[in-house]
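Observations on chain architecture
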Amino acid sequence: MDAEASPPRSISSHLRGTLRACREAFAHLPRLALDIALPTLCVSCREPVDGEGVCAACWAKLSFIAPPYCPRLGIPFVYDPGPDMLSMEAIASPPAYQRARAAVRYDDVARTLVHALKYQDRTDLAPAMGRWMARAGGELLAGADMLVPVPLHWRRAWRRRYNQSGALARIIERQSGVRLRGEVLRRVRATEQQIGLSRAQRATNVQGAFQVSPDRQAEVQGRRIVLIDDVLTSSATLDACARALLRAKAAQVDVLVFARVVETR
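Treat the numbers as computed from the prediction; the structure is a model and nothing was measured.

**With respect to the overall build of the protein**
- Assigned secondary structure in the protein consists of twelve helices and six strands.
- By the burial criterion, 41% of the 265 residues in the protein qualify as buried.
- Across the protein, contacts joining residues at least 24 apart in sequence account for 73% of those joining residues at least 6 apart.
- By element, 54% of the accessible surface of the protein is carried by carbon and sulfur atoms, the whole surface being about 15000 Å².

In structure tokens:
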């Protein structure tokens, strides 16, 4: 009986697999037709580009951050001050998180990439940006237990339809093997846009806005967590997130972003 029933099950499984493959192929047809009719343009200069949205000329304009930099905040130094030398910002106002790393400086090209991903549904930019972040944050990811993207409030997430930090975190998860836990941290209070606010106003704006989900606190306890976001400016949002995770007994919180503001001195 079992031997006779085996072939139909095998054929049925094969047919289901074939149908699934066909559905996936047809699902990509509209995007393929659009790519043929409308070639991808560089998000910065709008020239046609064969790839992930950034032409070679604009890629060359990105200012990638490399050593020497502050071991705490990842702020690049003009010259190498020696091992373990902290920046003035790290000494004067140390954040709640332990270390921060960024792939690039937040200049004109980086700003265009971030805005396209964030506001223009250019999720096709996330793979390249996420790979650059994984490379920049190698030392953080090597000892991490989980990735936690900075969450959006549910109303803003509904309007945008996706969280750009989560999109970047998914790429970093694939690159590093560190597991993504997108439901650990919640934004429990809607906040104003941080653009245009002073440093003090930014800190007040996000105070008490983040919370570890009560049913996820056991996952956080004793864990080394890497927070993922697109941009680090005043660090008010990331600091508030780190404090919420540390209150839930996380062992350590680090920060990995695509771009960070670097003040010119």
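Still more ground to cover, so stick around.
**Observations concerning the sheet that holds strand S2 (residues 146-149)**
- Reading across the sheet, the four strands line up as S1-S6-S5-S2 and stay open at both edges, with parallel pairing between neighbours. The outermost strands of the open sheet, each flanked by one partner alone, are strand S1 (100-105) and S2. Each adjacent strand pair in this sheet contributes to an overall mean axis angle of 20°, direction not counted.
- Lying over the sheet, helix H9 (residues 164-176) contacts S2, strand S5 (224-232) and strand S6 (252-260), oriented at roughly 125° with respect to S5.

**Thoughts on the pairing of S1**
- Among the six residues that make up S1, five are buried, leaving the element largely enclosed by the rest of the structure.
- Of the pairings in the sheet, the one linking S1 to S6 comprises five bridges and is parallel in character. Note that in S6 the partner of Arg101 across the bridge is Leu256.

**What to know about the pattern of salt bridges**
- Across all of its chains, the model carries ten salt bridges by this definition.
- The residue Arg101 makes a salt bridge to Glu139 at a minimum N-O spacing of 2.9 Å. Separated by 38 residues along the polypeptide, Arg101 in strand S1 and Glu139 in helix H7 (residues 138-142) bring together distant segments of the chain.
- The buried category is assigned to Arg101, whose relative accessible area is 4%.
- For Glu139, a relative accessible area of 41% translates into the label partly exposed.

**What to know about the packing of helix H5 (residues 108-119) against helix H6 (residues 126-136)**
- Relative to each other, H5 and H6 sit at 125°, their axes nearing to 11 Å. Considering their axes alone, H5 and H6 lie oblique with respect to each other. Between H5 and H6 lies a crossing whose hand is left-handed. Where H5 abuts H6, its residues Leu113, Val114 and Leu117 lie against Ala126, Met129 and Trp132.

**Remarks on the environment of Arg170**
- Residue position: Arg170 is located in helix H9.
- Overall, the relative accessible area of 42% leaves Arg170 in the partly exposed class.
- Spatially, the C-alpha atom of Arg170 lies 10.0 Å from that of Ile228, the residues being 58 residues apart in sequence.

**Examining the state of the cysteines**
- Under the definition given, this model contains zero disulfides.
- In this structure Cys42 is a free cysteine whose sulfur lies 3.7 Å from that of Cys45, the closest cysteine sulfur available.
- What makes Cys42 buried here is its relative accessible area of 0%.
- Of all cysteine sulfurs in the structure, the one in Cys55 sits closest to Cys45, which takes part in no disulfide; the separation is 3.6 Å.
- Take Cys45: its relative accessible area is 33%, and that puts it in the partly exposed class.

Calculation rules
Residues numbered from 1 in each chain as written. Predicted model: local features only at pLDDT ≥ 70, side-chain atom pairs only at ≥ 80, totals over all residues. Heavy atoms only, no water. Helix = DSSP H or I, 4+ residues; strand = E, 2+ residues; numbered from the N terminus. Buried < 20%, exposed > 50% of the residue type's maximum accessible area, 1.4 Å probe, protein only. Contact = heavy atoms within 4.5 Å. Areas by Shrake-Rupley, 256 points an atom, 1.4 Å probe, with all protein chains shown as cover. Pairing = 2+ DSSP bridges. Axes fitted to C-alpha atoms, helices over the stretch in contact; angles between N-to-C directions. Salt bridge = Lys/Arg side-chain N within 4 Å of Asp/Glu carboxyl O. Parallel < 35°, antiparallel > 145°, perpendicular 65-115°, else oblique. Left-handed = near helix turned anticlockwise from the far one by under 90°. Disulfide = S-S within 2.5 Å.

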